[in-house]
Amino acid sequence: MLSFKTDFRSVWSQNASQGVERQWVVVFSPTGCKAMLETLDMIDHGTGKAKTIVHDTNGSERKTTHIATIGPTTRDYLVNEFGLEPDVCAAKPSPKGIGTAIETFDRTPARPEI
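Just so it is clear, the model here is predicted, and its values are computed rather than measured.

Right, let's talk about the nonpolar core for a bit. In this structure, Met36, Leu37, Leu40, Ile67, Leu78, Phe82 and Leu84 are the most contacted members of the largest nonpolar core, which totals 15 residues. Secondary structure elements with two or more residues in this core: helix H1 (2-17), strand S1 (23-27), helix H2 (30-39) and helix H3 (72-82). Looking at this core, the element that brings in the most residues is H2, giving three residues. Each residue touching Phe82, except ones within four places of it in the same chain, is listed here: Cys33, Lys34, Leu37, Ile43, Gly48, Lys49, Ala50 and Tyr77. Counting residues in hydrophobic clusters, the runner-up holds eight residues, among them Ala68, Ile98, Ala101 and Ile102.

Written as structure tokens, this is what we have:
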């Protein structure tokens, strides 16, 4: 998992530093939830829960990273263990299900920035 965290952080940081305004992280398992949150520095070490406000690489509170889960088991783990509701959860646990969920999210009218 150490190599994954290092590689993931490198890609995510590189994208952010190049001005990518929005990145999607797709989580496929409960183990992946914790690794993702740790890598993105989204865990409040005092509570063990996800941080309610996450700053982007410029120190802004604008949400630039969106989270998708492959299905309800992973979503429920993320919610129950870390108190974080993902942006989308695939109705069908498949690449097509994830793609459909993200496309639906993107078509939804704009939400207030966090």
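With 13 residues, helix H4 (residues 95-107) extends 18 Å between its outermost C-alpha atoms, agreeing within 8% with the 18 Å of an ideal straight helix rising 1.5 Å per residue. When H4 is considered as a whole, its buried residues turn out to be Gly97, Ile98, Ala101, Ile102 and Phe105. Projected onto a plane normal to the axis of H4, the buried residues spread over an arc of 130 degrees and lie on a single side. Counted as exposed and oriented over 90 degrees from the buried face of H4: Pro95, Lys96 and Arg107.

What counts, and where the lines are drawn
- Residues numbered from 1 in each chain as written.
- Predicted model: local features only at pLDDT ≥ 70, side-chain atom pairs only at ≥ 80, totals over all residues.
- Heavy atoms only, no water.
- Core = buried A, V, L, I, M, F, W, Y, C linked by side-chain atoms within 4.5 Å.
- Buried < 20%, exposed > 50% of the residue type's maximum accessible area, 1.4 Å probe, protein only.
- Helix = DSSP H or I, 4+ residues; strand = E, 2+ residues; numbered from the N terminus.
- Contact = heavy atoms within 4.5 Å.
- Expected span 1.5 Å × (residues − 1).
- Arc of directions from axis to C-beta.

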